[in-house]
Amino acid sequence: MPEDLRTAFGLLDRNRDGRVTASELQFMLTNLGITVSDDIIEQLVKDAGRSENGLINEAEFLQWVARIQALTQDTEGDDDVTKDLIAAFRVFDRDCNGYITKDELKSAMDMIGETVTEGDLNEMLAMADVDRDGRINYEEFARLLL
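Residues numbered from 1 in each chain as written. Predicted model: local features only at pLDDT ≥ 70, side-chain atom pairs only at ≥ 80, totals over all residues. Heavy atoms only, no water.

A. Representation of the overall build of the protein in the model. On a plain count of helices and strands, the protein comes out with 8 helices and 4 strands. Reading the protein from its N end, one meets helices and strands in the order α-β-α-α-β-α-α-β-α-α-β-α. Buried positions account for 35% of the 146 residues belonging to the protein. Across the protein, every contact between residues at least 6 apart in sequence was considered, and the portion connecting residues at least 24 apart equals 42%. Put simply, the protein shows about 9000 Å² of open surface, and 54% of that area lies on carbon and sulfur atoms. (Helix = DSSP H or I, 4+ residues; strand = E, 2+ residues; numbered from the N terminus. Buried < 20%, exposed > 50% of the residue type's maximum accessible area, 1.4 Å probe, protein only. Contact = heavy atoms within 4.5 Å. Areas by Shrake-Rupley, 256 points an atom, 1.4 Å probe, with all protein chains shown as cover.)

The structure is reproduced here in structure tokens:
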């Protein structure tokens, strides 16, 4: 699997500089017949890239795909805990981007009838957000609940 992902990264990296830009990602998706707005492409690159320079290196790409696969994998054959965790995460992750933001956390708490203050939300986010990027990814969510 990692070799397949490295090959995919190589296909995206059209100029072979070891980094993928938003325009390279857009080019590949367009060639696959997938129409995605520039705003969404920019957000995808921002989500995947840790350096915030608008570029995704191979390591960031591999981590990004692993996060997506963890959320979208077929859970057949997995234990009930994993299925439950993924289902719970998806309830919170309203826009299905692989992260739970403070707004999504607030919406989920409202949905279950739990009143939370801004301070409560900040505290919950601080407790779960291990990488301090202002949002909770699946790994952080699972670590918090297990």
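Having seen it, we continue.
B. A look at the pattern of salt bridges. Applying the stated rule across the entire model yields 3 salt bridges. Where Glu118 meets Lys102, a salt bridge forms, and the shortest distance between an N and an O atom there is 2.6 Å. Taken as a pair, Glu118 in helix 7 (residues 118–128) and Lys102 in helix 6 (residues 102–111) lie far apart in primary sequence, 16 residues in all. (Salt bridge = Lys/Arg side-chain N within 4 Å of Asp/Glu carboxyl O.)

C. Region of the structure containing the environment of Glu104. Considering the arrangement of structural elements, one finds Glu104 in helix 6. With relative accessibility at 6%, the residue Glu104 sits in the buried group. Residues Glu104 and Arg94, 10 residues apart in the sequence, show an inter-C-alpha distance of 6.4 Å. Here Asp95 takes part through its backbone nitrogen, which lies 3.2 Å from a polar atom of the side chain of Glu104. (Polar contact = N/O pair within 3.5 Å; in protein donor to acceptor, adjacent residues only side chain to side chain.)

D. Broad picture of helix 6. Those residues of helix 6 lying buried are Glu104, Leu105, Ala108 and Met109. Angularly, the buried residues of helix 6 cover 135 degrees about the axis, an arc narrow enough to put them on a single face. Gly113 occupies a position one or two residues after helix 6 and carries a positive phi of about 80 degrees. (Arc of directions from axis to C-beta.)

E. Local environment of the packing of helix 6 against helix 7. Running from N to C, helix 6 and helix 7 point in directions that differ by 115 degrees, and their axes come no closer than 10 Å. When the axes of helix 6 and helix 7 are compared, the crossing they make is right-handed. Each of Lys102, Leu105, Lys106 and Met109 in helix 6 lies in contact with helix 7, whose residues at this interface are Glu118, Leu121, Asn122, Met124 and Leu125. Residues of the contact of helix 6 with helix 7, tallied by class, amount to 5 nonpolar, 1 polar and 3 charged. (Axes fitted to C-alpha atoms, helices over the stretch in contact; angles between N-to-C directions. Left-handed = near helix turned anticlockwise from the far one by under 90°. Nonpolar A, V, L, I, M, F, W, Y, C, P; charged D, E, K, R; others polar.)

F. Spatial organisation of unusual backbone geometry. In the Ramachandran plot, Cys96 falls in the positive-phi region, its phi being about 55 degrees despite a non-glycine side chain. Its place among the elements puts Cys96 in the loop between helix 5 (80–92) and strand 3 (99–100). Using a relative accessible area of 64% as the deciding quantity, one classes Cys96 as exposed. With phi around 55 degrees, Arg132 is a residue other than glycine that occupies positive phi space. Tracing the sequence through the fold places Arg132 in the loop between helix 7 and strand 4 (136–137).

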